[in-house]
Amino acid sequence: METLIIMLIGILVAVATYLILSRNIIRIILGTAVFSHAVHLLILTMGGLKQGNVPLLKEADAPYADALPQALILTAIVISFAVTAFILVLAYRTYQDVGTEDLDELRGAKNE
Amino acid sequence: MINLLLFPVLIPFLFAAVLLLFPKKVKAQRIVTMIGLLFALASSFVLLYKVKVDGVQALTLGSWAPPFGITMVSDMFSAMLVTSSLLIAFFVVWYSFSSIGEAREKAFYYPAILFMLTGVNGAFTTGDIFNMFVFFEVLLMSSYVLIVLGGEKVQLKESIKYIIVNIVSSSLFVITVGYLYSVVGTLNMADISVKLAEIGPSGIVTVIAVLFLIVFGIKGGIFPLFFWLPGSYAAPPIPVIALFGALLTKVGVYAIMRTYTLFFTTDVGYTHTLLMILSILTIVVGCIGALAYFDVKQIIIYNIVIAVGVILFGASVMNESGMMGSVFYLIHDILIKGALFLLIGIIIKITGTSDLRKMGGLMKRYPMLGWVYLVVAFGLAGIPPLSGFIGKLLIVQGGFEGDLLWQSIFILASSLIVLLSVIRIFIYAFWGEEKGEHLISDKKYRHLLAPAITLATITVLYGVGAEYLVPFMGDATNVLLDPSLYIDAVFEGVK
């Protein structure tokens with residue numbers, strides 16, 4: 001099971017990398033979103049996808065499932081959700097002001 | 001088990017939340033921000049005293065015994081960084097009163113600064129690696145707000161790149177934490193240190209170490225991951241650059257120093273040699289950049305890159321002199337970069353340009369500015385008895401003791417380039433014929449100069465009074481070089 005999930009994560013990371021390397025801002029943002037999904041799956045896998053009881057001590061017999069990766073994923077999902085929302089708004093605002101979504105044309109300094 | 005070490009994190013947070021309630025009342029915003037920073041500063045000094053007297057302080061939240069609860073740890077190193085970050089924020093806010101403009105002040109400028117301080121101080125204080133990621137996100141989110149605030153075209157163009165780079169590096173951070181968790185099964189930094197020492201040298205641990213170097217290297221701006229830094233830092237107004245330049249890269253540097261002394265001490269031959277090589281390359285690139293531009297902002301920004309290299313070189317040799325030098329130099333650099341940015345901010349306000357070729361002859365009308373700039377520039381280059389000297393001396397001494405002869409000589413040579421790059425600003429801006437008109441009134445000039453001079457005075461005192469700081473630096477170095485002090489403080493009363 002772990003091997004399958006790891007391969008899935010690999011595919012997701014490959015897709016994300018491809019998207020992030022493009023010049024269109026929206027594609028890049030989608031790339032970061034896919035990347036964060038891959039990362040969340042990775043945390044889950046790193047905790048081990050073992051079959052275990054609910055982690056309520058003494059209520060059920062050992063082995064217990066590892067509850068920590070789930071807590072971590074929850075935190076990471078919330079953060080990546082907020083950041084994605086922020087950057088989408090910023091991309092829209094930039095498009096309104098500068099009139100382009102091509103990263104090559106978004107150069108700030110004159111002598112860059 | 002005391003709550004004191006949470007105060008420098010929570011007080012800015014509380015005051016920022018209060019400030020959100022009345023964004024349009026500029027005067028009230030200014031006063032409340034100053035009161036909040038003074039309270040936080042007072043608490044951090046009490047914390048400094050407490051750590052000096054009683055040793056490393058640790059607190060595990062929610063009455064969970066470590067390693068299960070989230071631990072906050074304040075050793076001398078983190079307490080000093082917390083104090084200096086609050087100090088810098090105080091001066092930057094003071095400077096902002098007459099520099100940033102009312103439009104930005106009404107658009108949640110001060111709350112964003114205080115939230116960023118929450119993140120910075122939290123990252124310095126936390127003893128839990130995932131919690132460090134969360135605090136990184138807190139400070140990054142506030143920095144996103146600060147970098148786009150105002151919405152000028154340059155800001156919008158550059159901040160998109162800054163944010164994308166940081167999102168990717170945050171994802172890498174989570175990946176790395178995931179790998180680390182799969183190896184050691186814990187997130188508590190003291191516990192990770194114990195477990196990694198039990199595992200001993202192993203391939204996967206080295207991979208994790210290098211991944212951490214990449215993650216924190218992107219934040220800290222080491223070679224070759226600094227590519228985003230010069231462009232993004234030049235975009236926002238000067239007070240924001242001062243905060244970013246003084247604090248944000250240093251959080252990355254702190255995280256590298258912490259993980260490379262607490263976790264990855266089993267395969268020093270590979271990981272720390274890599275760190276050493278990268279730090280030298282960082283200095284090379286920084287030197288090239290610092291000499292290549294006629295833009296005052298770019299010159300100082302590349303000096304940030306150089307300083308990151310020098311600090312990490314001292315940390316990579318892993319002996320007492322080198323480490324103590326790094327701690328000295330890190331705090332020095334926070335203070336002096338803040339002062340330098342505030343001073344060149346005044347130059348830019350007066351001349352209305354950041355291009356050196358279009359300014360000149362400021363010495364006639366603004367002699368005070370010139371002399372203060374010169375003193376700070378000498379301090380940056382490390383001319384004794386100013387603040388940069390003692391740190392660099394110890395780092396170079398550490399390099400010689402670690403048999404890194406050529407690298408140490410190279411660091412000495414880089415000081416000359418640093419000196420040349422900042423003196424170029426002095427020569428172009430202050431000497432020669434007066435060019436253009438002066439754009440600010442004398443009153444505003446005085447208001448801008450006051451915080452800059454006070455901060456410059458503090459950097460001078462930091463250098464002259466180095467002898468009195470040695471016991472503090474010694475404590476910080478001891479904890480860095482002997483992780484058992486850190487671990488024992490966290491597990492006090494458990495084992």
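Since the structure is predicted, the reported quantities are computational estimates derived from the model, not experimental observations.

Criteria and thresholds
Residues numbered from 1 in each chain as written. Chains lettered and ligands numbered in written order. Predicted model: local features only at pLDDT ≥ 70, side-chain atom pairs only at ≥ 80, totals over all residues. Heavy atoms only, no water. Helix = DSSP H or I, 4+ residues; strand = E, 2+ residues; numbered from the N terminus. Rg over C-alpha atoms; globule rule 2.2 N^0.38 Å. Buried < 20%, exposed > 50% of the residue type's maximum accessible area, 1.4 Å probe, protein only. Areas by Shrake-Rupley, 256 points an atom, 1.4 Å probe, with all protein chains shown as cover. Lys, Arg positive; Asp, Glu negative; His and termini not counted. Charge placed at Lys NZ, Arg CZ, Asp CG, Glu CD. Contact = heavy atoms within 4.5 Å. pLDDT = per-residue confidence, 0-100. Buried area = accessible area lost by both parts, 1.4 Å probe. Salt bridge = Lys/Arg side-chain N within 4 Å of Asp/Glu carboxyl O. Polar contact = N/O pair within 3.5 Å; in protein donor to acceptor, adjacent residues only side chain to side chain. Nonpolar A, V, L, I, M, F, W, Y, C, P; charged D, E, K, R; others polar.

A closer look at the overall build of chain A
Phase 1: Helix and strand counts for chain A stand at three helices and zero strands.
Phase 2: Traced from its N-terminal end to its C-terminal end, chain A shows the element sequence α-α-α.
Phase 3: The globule rule puts the C-alpha radius of gyration for 112 residues at 13 Å, and the 19 Å found for chain A is more than 25% above it.
Phase 4: Taking the principal axes of its C-alpha atoms as reference, chain A extends roughly 65 × 25 × 20 Å.
Phase 5: With 112 residues in all, chain A has 33% of them scored as buried.
Phase 6: Carbon and sulfur atoms make up 65% of the accessible area of chain A, which amounts to about 6,900 Å² in all.
Phase 7: Separation of charge centres in chain A, based on 7 positive and 10 negative side chains, amounts to 6 Å.

Examining the side chain of Ser326(B)
Phase 1: Relative to the assigned elements, Ser326(B) resides in helix H14 (residues 320-351).
Phase 2: Discounting residues that sit within four places of it in the chain, Ser326(B) has contacts with Met257(B), Ile311(B), Gly314(B), Ala315(B) and Ile395(B).

Remarks on the confidence of the model for chain B
For residues with low pLDDT, the predicted coordinates do not support detailed interpretation.
Residue and element names in this part refer to chain B.
Phase 1: Per-residue confidence for chain B gives a mean pLDDT of 92; residues scoring 70 or more make up 99%.
Phase 2: Within chain B, no element has a lower average pLDDT than helix H15 (residues 362-365), which sits at 87, and none a higher one than helix H5 (residues 109-125), at 96.
Phase 3: Taken over the whole predicted complex, pTM reads 0.94, whereas the ipTM for its chain interfaces reads 0.93.

Observations regarding the interface of chain A and chain B
Phase 1: Each partner contributes to the interface: chain A provides 33 residues, whereas chain B provides 31 residues.
Phase 2: Taken together, both faces of the contact between chain A and chain B bury some 3,000 Å²; the carbon and sulfur share is 82%.
Phase 3: Here chain A is connected to chain B by zero salt bridges.
Phase 4: The interface formed by chain A and chain B holds one residue pair in polar contact (both at pLDDT 80 or more) in total.
Phase 5: Put simply, the parts of the chain that give the side of chain A that touches chain B at least two residues each are helix H2 (25-46) and helix H3 (68-98) of chain A.
Phase 6: No other element matches the 15 residues that H3(A) contributes to the side of chain A that touches chain B.
Phase 7: Here the side of chain A that touches chain B is built from residues that sort into 22 nonpolar, six polar and five charged.

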